[in-house]
Amino acid sequence: MRLAAEFTTEPFVGEGTPPPHATETLRLVETAGLTCEFGPLGTTVSGEDDELLPLLGRVLATALAHGATRVSLQVERVDG
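Asks: Before we go on, may I ask you to explain the pattern of salt bridges in this structure?
Replies: In a structure, side chains of opposite charge can pair up when their charged atoms sit close to one another. What the rule picks out here adds up to 3 salt bridges. Residue Glu48 pairs with Arg2 through a salt bridge whose shortest N-O separation is 3.8 Å. Of this pair, Glu48 sits in strand 3 (residues 42-48) while Arg2 sits in strand 1 (residues 2-10), and the two are 46 residues apart along the sequence. The partly exposed category is assigned to Glu48, whose relative accessible area is 31%. On the basis of relative accessibility, which here comes to 31%, the residue Arg2 falls in the partly exposed class. Between Arg77 and Asp79 there is a salt bridge, and its shortest N-O distance comes to 2.7 Å.

This is how it looks when you write it as structure tokens:
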């Protein structure tokens, strides 16, 4: 099944370079080869469940290991 996920890592940083908990999770998602979009308030990623669900566990671990104090995650089924 096809899924879309959006995750936000905190603490938020105003203007300037995004913090490591945001950039390292983006790098992880990009390396996985899934479609992703990085924004100021979150990152969206989509793919098949067998690829995306294991990746989300790694996203959480990476964010927390790089200074995140909270990670919000929403997952939606998008294949009807």
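Asks: How should I be thinking about a nonpolar patch on the surface in this particular structure?
Replies: Together, Leu53, Leu60, Leu73 and Val75 line one region of the surface with nonpolar side chains, adding up to about 300 Å² of accessible area. Counting only elements with at least two residues in the nonpolar patch, the list comes to helix 2 (49-65) and strand 4 (70-77). As for its placement among the helices and strands, Leu53 is situated in helix 2.

Asks: Teacher, can you tell me more about the layout of surface pockets here?
Replies: Take a probe with the size of a water molecule and roll it over the atoms, and the empty space left behind shows itself. Counted as a void, the largest pocket has a volume near 270 Å³. As for the largest pocket, its lining consists of 20 residues, of which Pro18, Pro19, Ala22, Gly39 and Pro40 are closest to the centre. For the lining of the largest pocket, the secondary structure elements donating two or more residues are strand 1, helix 1 (20-32), strand 2 (35-39) and strand 3.

What counts and what doesn't
Residues numbered from 1 in each chain as written. Predicted model: local features only at pLDDT ≥ 70, side-chain atom pairs only at ≥ 80, totals over all residues. Heavy atoms only, no water. Salt bridge = Lys/Arg side-chain N within 4 Å of Asp/Glu carboxyl O. Helix = DSSP H or I, 4+ residues; strand = E, 2+ residues; numbered from the N terminus. Buried < 20%, exposed > 50% of the residue type's maximum accessible area, 1.4 Å probe, protein only. Patch = residues over 30% accessible without salt bridge, like charges linked within 9 Å, V, L, I, M, F, W, Y side chains within 5 Å. Areas by Shrake-Rupley, 256 points an atom, 1.4 Å probe, with all protein chains shown as cover. 1 Å grid on protein atoms, 1.4 Å probe; cavity = no way out; pocket = protein on both sides within 12 Å on 5 of 7 lines; lining within 4 Å. Points joined across faces, edges and corners; volume = space filled by probe spheres on them.

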